[in-house]
Amino acid sequence: MFHRRAAMTANPLQLTGHIAGAFVAPNGEEIPVIDPSTGRMVAVLHETSRDEVHRAVVAARSAFERGPWGRATVAERQRALMGIHDAILDHAEELAELETLNTGIPLAQTANIHVARAAQNFRFFSEFINQQEGDVYTQENGYMSLVTYDPIGVCALIGPWNMPLGLTAMKIAGALAFGNTCVVKPSEMTPLTLCRLFQILDERNILPEGVLNLVNGRGAVTGDALSSHPDIDMVSFTGGTETGARILSALARGIKGGAMELGGKSASIVYDDCDLERAVDGAMLGSFMNNGQMCLAGSRLFVHRGIADAFIEKFTERTRSLIVGDPFERTTEVGPMINTGQLERMEHYVASGLKESATLLAGGRRHGGFDAGYYFEPTVMTAPGNDLAICQEEIFAPFATFQIFDEEDEAISLANDSRFGLVGYVWTNNLERAMRNSARLQTGTVLVNTPIMRDLRTGFGGVRQSGLGREGAKGSRAMFTEMKSTVIALKPPALPKMGMTGAGENA
Ligand code: NAD
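Parameters at a glance
- Residues numbered from 1 in each chain as written.
- Predicted model: local features only at pLDDT ≥ 70, side-chain atom pairs only at ≥ 80, totals over all residues.
- Heavy atoms only, no water.
- Salt bridge = Lys/Arg side-chain N within 4 Å of Asp/Glu carboxyl O.
- Buried < 20%, exposed > 50% of the residue type's maximum accessible area, 1.4 Å probe, protein only.
- Pairing = 2+ DSSP bridges.
- Helix = DSSP H or I, 4+ residues; strand = E, 2+ residues; numbered from the N terminus.
- Axes fitted to C-alpha atoms, helices over the stretch in contact; angles between N-to-C directions.
- Contact = heavy atoms within 4.5 Å.
- Right-handed = clockwise from strand over helix to strand, strands pointing away.
- Near = heavy atom within 4 Å.
- Polar contact = N/O pair within 3.5 Å; in protein donor to acceptor, adjacent residues only side chain to side chain.
- Areas by Shrake-Rupley, 256 points an atom, 1.4 Å probe, with all protein chains shown as cover.
- Nonpolar A, V, L, I, M, F, W, Y, C, P; charged D, E, K, R; others polar.
- Patch = residues over 30% accessible without salt bridge, like charges linked within 9 Å, V, L, I, M, F, W, Y side chains within 5 Å.
- Lys, Arg positive; Asp, Glu negative; His and termini not counted.
- Charge placed at Lys NZ, Arg CZ, Asp CG, Glu CD.
- Phe/Tyr/Trp six-rings, centres within 6.5 Å; stacked < 30°, edge-to-face > 60°.
- Parallel < 35°, antiparallel > 145°, perpendicular 65-115°, else oblique.
- Left-handed = near helix turned anticlockwise from the far one by under 90°.

Draft legend 1. Fine view of the pattern of salt bridges. For the structure on display, the rule yields 28 salt bridges. Salt-bridge contacts for glutamate 188 lead to lysine 185; the nearest nitrogen and oxygen are separated by 3.5 Å. When its relative accessible area of 22% is taken as the criterion, glutamate 188 is described as partly exposed. Its relative accessible area of 3% is what places lysine 185 among the buried residues.

This is the structure we're talking about:
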């Protein structure tokens, strides 16, 4: 059994921000941090006030302008990034347990995916900055032009609750790699792993004071104070579309940019020429991994009529057989939802689907097998049309919908009929069709014959209301740097001498 959970429930941790190299005293507004599998409090989060957020931004600015980090060489930055990578891996088991405790995501997933990926981000960017090419142009008339990338400055990094460590680590690694300083704000619901990471980094003394700061608290208080602070240079945000829009309008007032990883309602198109077994496996992972609480869930399923009965039957049967339970049990496939709000949300969408003539095939209600915790039965509905709320709105839960199509054109236009555009999944053994679909799907990423597959060398992000900008490799460089052009006169022709001729004539 998991001892950390018992210990923390008996004696909740006191969590605070970490500013200018030290943890802040625990004196802010208290926010309970809950274990969603029991509903019990495991920590108390002391909200970082607006004044403290200001202090964090000042510390980051000072570290950027005057500290050693601003002058750090690539090799020094690489050492720091690998130091963080090693620190995460040395504490991998503990971080995975804390992530599971706070999010309810099965331990097998937090250990094998979230924490591993958090560390991998730092390794990736440490290697990436060593391979940076710049553009050099020589001009025949003796000038040379260089394009280089300067750090952007103080970055505000704001993360969501559904993959707190992995997604925010991506931002931290990218921002530090390119020489920036940061103020990080995790979700007030899931701050455990990032707070612990700051403690671990403190013990190892990896970064100079003020380079990496942590603020904690609600979006409307701490988040707003950070994203609207006049002295930040950009915001890298992952979260809901409406919050992203609010942050963008604050940034617009200062003519600043933001990179936005927002909501999704991704389509999976399953053609009759696919490997059916693999497509069912992939669609299950795409709908129910991470407890279904994934921005890139491919849970809006379109199946060709020729295989619809077989596919939907297999998928539904397997959904009913999913092992829902304590996320610390190794056999658990789906854990609890993050909070009661998510349970109400699922109930709302089941009722809305039924009202709009959808058919419930599996789940549809709170799970009866638990005394406590926020458990819901993984849910499947077939929808008679694409305009239903369950097909258009992001449910962010283990909730899949089916629609049936006959023609490829119909599938593409159904998939594109969405305000979101994060990922398009295509299941087919016809390569030509796969490439045709990839060209026509209006999404930031297309995945063919695979569920979630992240290659950090490529950019990840959304079109339409799923976001702005891309994370990964050059996408992160675009986000965290300013492109600079330098033109140098090497052996140029003589310059025209302004003022020489006229001066003589006027005299
Ligand atoms: P959210 O928008 O409610 O909150 C995200 C973060 O923003 C939290 O830290 C929150 O405290 C903060 N915040 C809220 N209001 C703010 C404000 N006014 N100013 C500054 N910060 C503010 O999102 P959530 O519920 O935590 O996350 C779920 C959403 O995130 C879903 O829509 C999901 O699709 C999206 N998401 C997207 C990606 C992606 O890569 N595109 C990845 C994961 C999650």
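That was the structure; now back to the text.
Draft legend 2. The arrangement of the sheet that holds strand S4 (residues 30-35) in detail. Spatially, the three strands line up as an open sheet ordered S1-S5-S4, and their pairing is mixed. With one partner strand each, in any of the chains shown, strand S1 (13-15) and S4 form the two edges of the open sheet. The mean inter-strand angle of the sheet, taken between neighbouring strand axes irrespective of direction, is 30°. Pairing analysis gives three bridges linking S1 to strand S5 (residues 40-46), with the strands arranged parallel. From the neighbouring strand, glutamine 14 faces S5, where its bridge partner is valine 44. With respect to the sheet, helix H7 (residues 192-204) is in contact with S1, S4 and S5, its orientation differing from that of S1 by roughly 80°.

Draft legend 3. Quick peek at the pairing of strand S13 (residues 267-270). Residue alternation in S13 divides its side chains into two sets, Ala267 and Ile269 and Ser268 and Val270, and both sets are buried. The pairing of S13 with strand S14 (residues 300-304) spans four bridges and is parallel. For valine 270, the partnering residue across the bridge sits in S14 and is valine 303. Regarding topology, helix H10 (residues 276-288) serves as the crossover connection from S13 to the parallel S14, and that connection is right-handed. Strand direction decides the pairing type here: S13 and strand S18 (residues 423-427), joined by four bridges, are parallel. The residue bridging valine 270 from the neighbouring strand is tryptophan 427, located in S18.

Draft legend 4. Fine view of the site of the ligand. The environment of the ligand is formed by 30 residues, the closest being Gly159, Glu188, Thr243, Leu262 and Glu394. Residue threonine 243 places a side-chain N or O atom 2.6 Å away from an oxygen atom belonging to the ligand. Side-chain polar atom of glutamate 394 to an oxygen atom of the ligand: 2.5 Å apart, as the coordinates give it. In isolation the ligand offers 850 Å² of accessible surface; the protein chains occlude 88% of this area. Looking at the shell around the ligand, the elements with two or more residues in it are helix H8 (219-227), strand S11 (234-238) and helix H9 (241-253). Here the shell around the ligand gets four residues from one element, more than from any other, and that element is H8. For the shell around the ligand, the per-class residue count stands at 12 nonpolar, 12 polar and six charged.

Draft legend 5. Structural detail: a negative patch on the surface. A contiguous patch of negative charge, built from Glu356, Asp387, Glu393 and Asp417, is present on the exposed surface. We classify aspartate 387 as exposed; its relative accessible area is 65%.

Draft legend 6. How the structure looks around the packing of aromatic side chains. Per the counting criterion, the structure on display carries 12 aromatic pairs. Ring geometry for phenylalanine 311 and phenylalanine 315: centres 6.4 Å apart, planes at 15°, overall stacked. Of this pair, phenylalanine 311 and phenylalanine 315 both sit in helix H11 (residues 305-320), separated by four residues, roughly a single helical turn. In this structure phenylalanine 311 comes out as buried when scored by relative accessible area, which is 0%. Using a relative accessible area of 0% as the deciding quantity, one classes phenylalanine 315 as buried. Judged by centre distance (6.0 Å) and plane angle (75°), the ring pair of phenylalanine 311 and phenylalanine 402 falls under edge-to-face. Here phenylalanine 311 is found in helix H11, whereas its partner phenylalanine 402 is found in strand S17 (residues 399-405), with 91 residues between them in sequence. Here phenylalanine 402 falls in the buried class, since its relative accessible area comes to 1%.

Draft legend 7. Just the packing of helix H3 (residues 74-90) against helix H6 (residues 164-177), in detail. Between H3 and H6, the shortest axis-to-axis distance is 10 Å and the interhelical angle comes to 165°. Judged by the angle between their axes, H3 and H6 are roughly antiparallel. As for the relative orientation of H3 and H6, their crossing is right-handed in sense. Of H6, the residues touching H3 (which contributes Arg77, Leu81 and Ile84) are Ala173, Leu176 and Ala177. Partitioned by chemical class, the residues of the contact of H3 with H6 number five nonpolar, no polar and one charged.

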